[in-house]
Amino acid sequence: MSQSSIVFNVAKDNLDVETVTNKLISIIDGWLKAEGAHTTDVQQQMLRSHVKAMVERAKTGESLPEVDVSLFEEISPESIALAEKVVNTLPGLAYEEAYLLSVHFEVARSNS
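Please read all numbers here as calculations on a predicted model, not as lab measurements.

### Focus on helix H1 (residues 17-34)
Link 1 in the chain: Under the 1.5 Å per step criterion, the end-to-end length of H1 is 26 Å for 18 residues, consistent within 8% with the ideal 26 Å.
Link 2 in the chain: Looking at H1, one finds that the buried residues are Val-17, Val-20, Thr-21, Leu-24, Ile-25, Ile-27, Ile-28, Trp-31 and Leu-32.
Link 3 in the chain: In the core, the buried residues of H1 are packed alongside helix H2 (41-60), helix H3 (77-88) and helix H4 (97-110).
Link 4 in the chain: Backbone nitrogen of Glu-18 and a side-chain oxygen of the N-cap are separated by 3.4 Å at the start of H1; the cap is Asp-16.
Link 5 in the chain: Trailing H1 by a residue or two, Gly-36 shows a phi angle of about 75 degrees, which is positive.

Here's what the structure looks like:
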């Protein structure tokens with residue numbers, strides 16, 4: 001199974017939020033490492049907290065408040081693309097989730 005085809009149907013399959021979060025963090029760490037990026041311990045905690053909240057939203061169907069995408073114009077296309085890959089693993093999430101998540105990846109890239 002290629003990494004781009006990984007999907008966690010959290011709601012439909014009633015998956016455990018913590019288990020999915022752990023698996024997704026492991027996948028994200030691999031993707032970051034492949035791009036030469038990494039997180040500090042504090043950044044990893046923040047990323048994990050955000051990913052867990054995303055997994056919970058994927059399970060409950062809760063939506064985000066409106067996101068002003070113009071705030072993310074400084075984020076690199078690479079960070080947005082990586083965030084989109086993550087959002088695509090969780091069916092039911094709004095596309096705007098990628099913008100919020102991309103900030104974590106932009107910070108990880110700056111550590112390189």
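The rest of the description comes next.
### Considerations on the nonpolar core
Link 1 in the chain: Core analysis: the biggest nonpolar cluster contains 27 residues, and Leu-90 and Phe-105 have the highest contact counts within it.
Link 2 in the chain: Elements that contribute at least two residues to this core include exactly H1, H2, H3 and H4.
Link 3 in the chain: The element contributing the most residues to this core is H1, with 8 residues.
Link 4 in the chain: Setting aside anything within four residues of it in sequence, one finds Leu-90 in contact with Phe-8, Val-10, Val-20, Leu-24, Met-54, Val-55 and Ala-58.

What counts, and at which threshold
- Residues numbered from 1 in each chain as written.
- Predicted model: local features only at pLDDT ≥ 70, side-chain atom pairs only at ≥ 80, totals over all residues.
- Heavy atoms only, no water.
- Helix = DSSP H or I, 4+ residues; strand = E, 2+ residues; numbered from the N terminus.
- Expected span 1.5 Å × (residues − 1).
- Buried < 20%, exposed > 50% of the residue type's maximum accessible area, 1.4 Å probe, protein only.
- Contact = heavy atoms within 4.5 Å.
- Polar contact = N/O pair within 3.5 Å; in protein donor to acceptor, adjacent residues only side chain to side chain.
- Core = buried A, V, L, I, M, F, W, Y, C linked by side-chain atoms within 4.5 Å.

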